[in-house]
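Structure assessment
For reference, the chains in residue letters:
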Amino acid sequence: EQGDRGQRKGLDLSGERQIHGGKYLVTGRASIFDWDDKLRPDRSATSLGYVLGGGYRPADFANFMLEWEHNANRIVGQRYRVLAVVNLLVAK
């Protein structure tokens, strides 16, 4: 994206792997983005990040996921996040 007031460019790479017929899941994502803000030059930055996750599907109606995320740039410094997700199928 770009215009008179600046630009944003970047790249995301992601992948996932199912193990033991889909009972387990391993995921990963990496990204790099660069912001150039002409109106607020102090907000221009390059951001690096990654996400690592894993999941378990004990039955056809339920799965559990846990993800670890880490992002870094000069504006916010280091940011970490852990996300736990439970999906349940209640009607079909």
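Preceding this paragraph is the structure being described.
Residues numbered from 1 in each chain as written. Predicted model: local features only at pLDDT ≥ 70, side-chain atom pairs only at ≥ 80, totals over all residues. Heavy atoms only, no water.

Quick look at the layout of surface pockets now. Size it by volume and the largest pocket reaches roughly 250 Å³. Lining of the largest pocket is provided by 13 residues; of these, Trp35, Asp37, Arg40, Arg43 and Ile75 occupy positions nearest its centre. Counting residues per element, the ones that place at least two in the lining of the largest pocket are strand E2 (6-19), strand E3 (24-37) and strand E4 (45-59). Take the lining of the largest pocket: its biggest share by element is three residues, from E3. When its residues are assigned to classes, the lining of the largest pocket shows four nonpolar, four polar and five charged. Volume-wise, the second largest pocket comes out at about 180 Å³. (1 Å grid on protein atoms, 1.4 Å probe; cavity = no way out; pocket = protein on both sides within 12 Å on 5 of 7 lines; lining within 4 Å. Points joined across faces, edges and corners; volume = space filled by probe spheres on them. Helix = DSSP H or I, 4+ residues; strand = E, 2+ residues; numbered from the N terminus. Nonpolar A, V, L, I, M, F, W, Y, C, P; charged D, E, K, R; others polar.)

Here the focus is the environment of Tyr24. Inspection of the secondary structure assignment puts Tyr24 in strand E3. Here Tyr24 is in contact with Arg17, Gln18, Ile19, Gly55 and Tyr56, once residues within four sequence places are set aside. (Contact = heavy atoms within 4.5 Å.)

On to the sheet that holds E2. Overall, antiparallel pairing links the six strands, which are arranged E1-E2-E3-E4-E5-E6 in an open sheet. Sheet topology places strand E1 (2-3) and strand E6 (77-88) at the edges, where each strand pairs with a single neighbour. In this structure, E4 lies alongside strand E5 (residues 62-73), joined through ten bridges in antiparallel fashion. Its bridge partner lying in E5, Leu48 is registered against Ala72. (Pairing = 2+ DSSP bridges.)

This part takes up the environment of Asp12. Note on placement: Asp12 falls in strand E2. Residue classification places Asp12 among the partly exposed residues on the basis of a relative accessible area of 44%. A C-alpha to C-alpha distance of 20 Å links Asp12 and Leu66, two positions 54 residues apart in sequence. If we ignore the near neighbours within four places in the chain, the residues touching Asp12 are Ala30, Ser31 and Phe33. (Buried < 20%, exposed > 50% of the residue type's maximum accessible area, 1.4 Å probe, protein only.)

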